Every structure is written in structure tokens, then in C-alpha cells.
Amino acid sequence: MTNPAPRTSRRIAVVSAGLRQPSSTRLLADRLADAVNRQFALRDVDVDLRVVELREHAHDLTNHLLSGFPSEPLGRAIEAVTTADGLIAVSPIFTASYSGLFKTFFDVVEADALEGMPVLLGATGGTERHSLALEHAMRPLFTYLHAIVLPTAVYAATSDWGSEQDGDGSAPTGLTRRIERGARELAELVTARDPREAADPFAVPTPFEQLLAEG
């Protein structure tokens, strides 16, 4: 009798930039995370979900900008994101763009730390008019960081939550369909790749002896 093949595992970081508690931004982040978890389960892949609630690190982020050094909790949050195999990033939309808290966090992440990382974007706002911020603000940010931004980005307006509460559950709403599609895209891309190895910040890319010989 042969033993079944061991389940593979992937790490997924979930960044939520909601400011209030409870927060529609965190609610969307949780919905996306649950959908991603289900998609990985269908592929017989275990998931280690690591949630980063940015409001808990707001003061430490400001201190990091001023001092250049993260606090221990902020350092763990940054590590959770930079060592992940995939990222779910969700921000509220203020003045047609992502929040300052969201931007500050990714300002303190090393510029090449997200290179090649699949990213599922999400955003929340009061009206559907802000949905384009996903395309003209959030997507360019992660493209600049050399991440792989998934085709589907999920926006949830206040009316989206209302339509889900009013529905009878017989058919998926537009928000549910977008969530499931984005989760499927993330799971497909992450499982098709080898687990991501985080770069060692103390590693020397070229041996010192080789540098001397080349000199």
C-alpha cells in the first residue's frame, strides 16, 4: 500500500488598510481570503494565511519613515508580506486613490521584495464611481514594484453589500462572482509556481574573493 502524496503548502499574505472597526475593507479582505482558501483546497494545497491589519501599525509606520527602522511588530508584518507566495491587498478609496496608510506601508517595503509575486487587488468605497482607482492607482503601484497583478481586481461599493444582504441567496451577486474569479486566478497562478523563496538581506551576491580577482 503506497502512502498518498503529501499536500503542498503556500503562504498567502492579506493586507487590509481599513481605518475603522468594523471595516468594509477588512470585510472584503476576509471574503477574498476565504475564497482563496477554498480555491486552494480544490487543488489539494494547504494555505498559511497571514493577515496584516495596517491600522494596528499606523504609528509604527510613521516612526519607520522618520527613523528608517521598523518596530518588531511592523518588522514581522513586513516579513509576512515579503515572504509570501501570493498577496491579497485591499484599500479603501479616498480622493480617487488608495489610502495614505496603504501607500505608507508599501513605501517601507524594499523596492524589489515583491518582484514576481502574484497580487490580487481589492478596494472599497462609497460609490461605484471610485472603482477605476483600482486601475489608475493601485495597479500601477504594484506594476512599479514588479509584482504580477492579476487581471481581476475586486471593488466593493456600499450598494454591493446592500444587494448581498437583500438577496435570497439563490444566485451569486456581482460582488460574489468577482471575488470567486479573482480567488481562482490567484490560486491557479500560485499553485503553478514553486513556493517563493525570500531573499536573504544579508546574503552577498558575489563572493568577496571573486570581487578581488576581478579587480
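- Where an unreviewed UniProt entry is consulted, the protein chain appears under the name NADPH-dependent FMN reductase, with the organism given as Jiangella anatolica.

Description of the environment of R196
Right, on to step 1. Considering the arrangement of structural elements, one finds R196 in the loop between α7 (174-191) and α8 (208-214).
Right, on to step 2. Between the alpha carbons of R196 and T82 there is a distance of 9.7 Å; along the sequence they are 114 residues apart.
Right, on to step 3. Those residues in contact with R196, other than ones at most four positions away along the chain, are R11, T82, A84, D85, A113, L114, E115 and M117.
Right, on to step 4. A distance of 2.6 Å separates a polar side-chain atom of R196 from the backbone oxygen of A113.
Right, on to step 5. Engagement of the side chain of R196 in a polar contact is seen with the backbone oxygen of E115, the distance being 3.3 Å.

Some words on the confidence of the model for the protein chain
Right, on to step 1. Summarising the model, the protein chain shows a mean pLDDT of 87, and 83% of its residues fall at 70 or more.
Right, on to step 2. The spread of mean pLDDT over the elements of the protein chain runs between α8, the lowest at 54, and strand β6 (residues 148-149), the highest at 98.
Right, on to step 3. For residues 200-206, every residue scores under 50 in pLDDT, and the model assigns this stretch one contact once sequence neighbours within four places are set aside.

Observations concerning unusual backbone geometry
Excluding glycine, residues mostly have negative phi values, and the peptide bonds linking residues are mostly trans.
Right, on to step 1. With an omega of 5°, the peptide bond running from Q21 to P22 counts as cis.
Right, on to step 2. For D44, which is not glycine, the phi torsion reads 60° and is therefore positive.
Right, on to step 3. Its place among the elements puts D44 in the loop between α1 (24-42) and β2 (45-53).
Right, on to step 4. At T95, a position not held by glycine, the phi torsion is positive, near 50°.
Right, on to step 5. The topology assignment puts T95 in the loop between β3 (86-94) and β4 (97-98).

Brief notes about the packing of aromatic side chains
Right, on to step 1. Evaluated as defined, the whole model comprises five aromatic pairs.
Right, on to step 2. On the basis of an interplanar angle of 40° and a centroid distance of 5.9 Å, the ring pair of Y98 and F102 is categorised as tilted.
Right, on to step 3. Among the aromatic residues, those joined into a ring-pair cluster are Y98, F102, F105, F106 and F142.

A look at the packing of helix α2 (residues 58-67) against helix α4 (residues 100-108)
Right, on to step 1. Contact geometry for α2 and α4: axes closest at 10 Å, N-to-C directions at 45°. When the axes of α2 and α4 are compared, the pair comes out oblique. In the packing of α2 onto α4, the handedness of the crossing is left-handed. Only L101, T104, F105 and V108 of α4 make contact with α2, whose side of the interface consists of A58, L61, H64 and L65.
Right, on to step 2. Along the lines of polarity and charge, the residues of the contact of α2 with α4 split into six nonpolar, two polar and no charged.

So, the pattern of salt bridges
Right, on to step 1. Taken as a whole and judged by the stated rule, the model has nine salt bridges.
Right, on to step 2. Residue R26 pairs with E53 through a salt bridge whose shortest N-O separation is 2.7 Å. Within this pair, whereas R26 is found in helix α1, its partner E53 is found in strand β2, the two being separated by 27 residues in sequence.
Right, on to step 3. Taking relative accessible area as the criterion, R26 reaches 28% and is therefore assigned partly exposed.
Right, on to step 4. Between R38 and E180 there is a salt bridge, with the nearest N and O atoms lying 2.5 Å from each other. Highlighted residues: R38 in helix α1 and E180 in helix α7, separated in sequence by 142 residues.
Right, on to step 5. Overlapping salt bridges bring together R26, D30 and E53 as one network.

Calculation criteria
- Residues numbered from 1 in each chain as written.
- Predicted model: local features only at pLDDT ≥ 70, side-chain atom pairs only at ≥ 80, totals over all residues.
- Heavy atoms only, no water.
- Helix = DSSP H or I, 4+ residues; strand = E, 2+ residues; numbered from the N terminus.
- Contact = heavy atoms within 4.5 Å.
- Polar contact = N/O pair within 3.5 Å; in protein donor to acceptor, adjacent residues only side chain to side chain.
- pLDDT = per-residue confidence, 0-100.
- Phe/Tyr/Trp six-rings, centres within 6.5 Å; stacked < 30°, edge-to-face > 60°.
- Axes fitted to C-alpha atoms, helices over the stretch in contact; angles between N-to-C directions.
- Parallel < 35°, antiparallel > 145°, perpendicular 65-115°, else oblique.
- Left-handed = near helix turned anticlockwise from the far one by under 90°.
- Nonpolar A, V, L, I, M, F, W, Y, C, P; charged D, E, K, R; others polar.
- Salt bridge = Lys/Arg side-chain N within 4 Å of Asp/Glu carboxyl O.
- Buried < 20%, exposed > 50% of the residue type's maximum accessible area, 1.4 Å probe, protein only.

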